[in-house]
Amino acid sequence: MIVVTFLGTVSGIPSKERNHPAIALEYFYYRKDTLLFDCGEGTQKQLMNAGISFMDISKIFITHWHADHFSGLIPLLQTMNLEKRKNELIIFGPEASRFVQGILNLGYFGVRFPVKAVDVPFEGKDITKIYETEVYEVFSVPVLHTVPSVAFAFKEKDSWRIDEKKLKELGLKRGKWLKKLKENGEATYNGKKVRIEEVASLQKGLKVVYSGDTKPCENLIELAKDADLLIHDATFLEEDEDTQKYHSSVKDAAKIAKKANVKKLILTHISRRYQKADVERFLREAKEVFDNVEVAYDLMRVVLKRD
């Protein structure tokens with residue numbers, strides 16, 4: 001299960017209703033892993049408001065180094081330090097080693113826990129696997145903004161689901177041999193060779209994609225293909241497109257969602273010029289192209305589960 005919490009949903013300048021960009025992704029399997037995508041001003045307070053422990057965050061993924069997407073790192077790191085964090089924190093992003101070191105050099109606070117910076121490619125067309133565990137992977141791809149920028153994809157690995165009915169039909173019982181079956185694709189049970197396809201079905205893993213700030217681009221379409229959830233920059237309505245400056249409009253985001261064949265689109269990074277009453281305009285414009293769409297708001301939660 002994946003729980004996505006929108007901690008901040010505004011573009012460059014915050015408003016009373018919307019904080020700077022940050023998205024928490026909590027992945028639940030045999031334990032919980034908490035990932036943070038972008039970390040704008042006020043992120044740690046929004047984490048508190050959402051009931052998410054910042055001490056649980058294992059990795060932070062920064063799409064680009066504009067202040068509205070990273071300035072929350074400074075107080076967050078200091079608070080982690082004051083709370084006596086011991087575990088390593090990994091920060092990914094374009095030119096991450098340069099900027100993370102700069103942040104750590106600010107002031108006199110220092111940190112007493114390991115902070116690792118991982119540089120992410122920001123040029124070209126290749127989709128890069130930047131992190132992997134036994135149960136999920138994280139990918140990045142360069143996108144089009146005014147500074148080096150990337151989009152990220154969280155992809156749960158496909159897994160085999162044992163069919164109890166098939167086990168019974170073949171006279172098989174659960175046991176340690178099933179672990180070997182899942183790992184190797186075949187195993188021996190009481191002298192009989194069993195193939196995984198005989199007793200299980202392959203379950204497709206969940207996929208969540210976050211665009212960061214970008215103009216519409218083919219790289220993002222490739223990254224977002226068949227995603228369960230696409231979270232996309234939708235800074236402006238189409239009528240205000242001339243003021244975008246390397247962002248996407250609502251309709252741009254909807255077109256990307258349609259081309260990528262995603263299941264659900266959520267619009268975020270909303271300009272402060274728009275009020276609550278404008279949400280319906282966003283929805284109407286998006287649904288002219290792509291129907292399954294929502295407009296994000298601060299502390300909004302989305303739960304994704306496998307079929």
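Structure report, in brief. Since the model is a prediction, treat every value here as computed from it, not as a measurement. (Residues numbered from 1 in each chain as written. Predicted model: local features only at pLDDT ≥ 70, side-chain atom pairs only at ≥ 80, totals over all residues. Heavy atoms only, no water.)

Moving on to the nonpolar core. Nonpolar side chains in soluble globular proteins tend to end up buried together. Counting 33 residues, the largest nonpolar core has Val 209, Leu 223, Leu 230, Val 262, Leu 265, Leu 267 and Phe 282 as the members making the most contacts within it. Contributions of two or more residues to this core are made by strand S8 (136–142), strand S9 (150–156), helix H8 (218–224), helix H9 (250–260), strand S16 (265–268), helix H10 (279–287) and strand S17 (293–295). When residues in this core are grouped by element, the largest group, 6 residues, is from H9. Sequence-distant contacts of Leu 265, that is, excluding residues within four places in its chain, are made with Leu 230, His 232, Ala 253, Ala 254, Ala 257, Phe 290, Asn 292, Val 293 and Glu 294. Of all hydrophobic cores here, the second largest spans 30 residues; its members include Ile 2, Val 4, Val 150 and Phe 152. (Core = buried A, V, L, I, M, F, W, Y, C linked by side-chain atoms within 4.5 Å. Buried < 20%, exposed > 50% of the residue type's maximum accessible area, 1.4 Å probe, protein only. Helix = DSSP H or I, 4+ residues; strand = E, 2+ residues; numbered from the N terminus. Contact = heavy atoms within 4.5 Å.)

Let us look at the sheet that holds S16. The strand order across the open sheet built from 7 strands is S7-S8-S9-S14-S15-S16-S17, with neighbouring strands paired in mixed fashion. Edge strands, defined here as strands with exactly one partner in the open sheet, are strand S7 (128–132) and S17. Across this sheet, the average inter-strand angle for adjacent strands is 20 degrees, counted without regard to direction. Sheet analysis places S7 next to S8, joined by 4 bridges and oriented antiparallel. Looking at the pairing, Thr 128 lines up with Ser 140 of S8. (Pairing = 2+ DSSP bridges. Axes fitted to C-alpha atoms, helices over the stretch in contact; angles between N-to-C directions.)

Quick look at the environment of Val 120 now. If you trace the backbone, Val 120 turns up in the loop between strand S6 (115–119) and S7. Its relative accessible area of 3% is what places Val 120 among the buried residues. On a C-alpha basis, the gap between Val 120 and Pro 142 in space is 8.9 Å, while along the polypeptide they are 22 residues apart. Not counting the four nearest positions on each side in its chain, Val 120 is found in contact with Phe 92, Gly 93, Pro 94, Ile 130, Ser 140 and Val 150.

Take H9 next. Note on helix geometry: an α-helix contains 3.6 residues per turn, so any two residues three or four positions apart are oriented the same way. Among the 11 residues in H9, 8 count as buried, and that is most of the element. When we look at burial in H9, the residues that qualify are Val 250, Lys 251, Asp 252, Ala 253, Ala 254, Ile 256, Ala 257 and Ala 260. Contacts from the buried residues of H9 go to H8, strand S15 (229–233), S16 and H10. A positive backbone phi angle near 60 degrees is found at Asn 261, which sits one or two residues after H9.

With that out of the way, let us pick up the pattern of salt bridges. Counted under the stated rule, the structure contains 17 salt bridges. The shortest N-O distance in the salt bridge between Lys 157 and Glu 132 comes to 2.7 Å. Of this pair, Lys 157 sits in the loop between S9 and strand S10 (159–162) while Glu 132 is found in strand S7, placing the two residues 25 residues apart along the sequence. Under the relative-accessibility criterion, Glu 132 is labelled partly exposed at 40%. (Salt bridge = Lys/Arg side-chain N within 4 Å of Asp/Glu carboxyl O.)

Bringing the sheet that holds strand S4 (residues 57–61) into the picture now. As summarised here, the arrangement of the 7 strands in space is S6-S5-S4-S3-S2-S1-S18, forming an open sheet in which the pairing is mixed. The sheet is open, and its two borders are formed by S6 and strand S18 (301–304), each paired with just one other strand. Averaged over all neighbouring strand pairs, the angle between strand axes comes to 20 degrees, with direction disregarded. One ladder, built from 3 bridges, connects S4 with strand S5 (residues 89–93); its direction is parallel. Its bridge partner lying in S5, Lys 59 is registered against Ile 90.

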